[in-house]
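So you can see what is in the structure, the chains are spelled out below.
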Amino acid sequence: MLMPTALKAVPVTAAGRLLVVDDEEGIRDIVVRALSDEGHHVDQAADAATALRLWQGATYDLVVLDLVMPELDGEALLRRLLTERPGQSVLVLSCRTDTRTKVACLEAGAEDYLAKPFSLDELVARVR
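Residues numbered from 1 in each chain as written. Predicted model: local features only at pLDDT ≥ 70, side-chain atom pairs only at ≥ 80, totals over all residues. Heavy atoms only, no water.

Q: Looking at this structure, how should I read the pattern of salt bridges?
A: Pairing between side chains of opposite charge can happen when the charged atoms of each approach one another. Inspection of the entire model under this criterion finds nine salt bridges. In this structure, the salt-bridge partner of Lys116 is Asp22, at a minimum N-O distance of 2.7 Å. Separated by 94 residues along the polypeptide, Lys116 in the loop between strand E5 (112-115) and helix H5 (120-127) and Asp22 in the loop between strand E1 (17-21) and helix H1 (25-37) bring together distant segments of the chain. Here the residues in one salt-bridge network are Asp22, Glu24, Asp66 and Lys116, joined through shared partners. (Salt bridge = Lys/Arg side-chain N within 4 Å of Asp/Glu carboxyl O. Helix = DSSP H or I, 4+ residues; strand = E, 2+ residues; numbered from the N terminus.)

Dropping the structure here:
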């Protein structure tokens, strides 16, 4: 009698369409490259106004959002995105590490919050 072979769990990663919003070009480039290498289609914006324009013209599986940006800040953009599309997935990626900010973003509807500096491996894992 043949014994069944043990099956190995294989992580499933589905490529998605993502929007990365960060005014720091170096961070934005690293994040975009890492997520693109994972097979995702990634659009990027350096400010909230550009992000909003891109977001209104497309459907994104996930928005990776910095909070500290010129003009319209990320918290205001987060509220606007989730008001217009309540099911939008948002991962906040910010240098703001105070508990009040984290809790406010999560209560506003962000799915996750990752503080800078961050591990690129951890970011990729959270996006998965």
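Q: In this structure, what is going on with the packing of aromatic side chains? I would like to understand it.
A: Remark: the centre distance and the inter-plane angle together describe each pair of aromatic rings, the angle taken between the planes. This structure, assessed with the given rule, holds zero aromatic pairs. A cation sits over an aromatic face here: Arg85 above Trp55, 3.9 Å from the ring centre. (Phe/Tyr/Trp six-rings, centres within 6.5 Å; stacked < 30°, edge-to-face > 60°. Lys NZ or Arg CZ within 6 Å of the ring centre and 35° of its normal.)

Just geometry here; none of it tells us what the structure is for.
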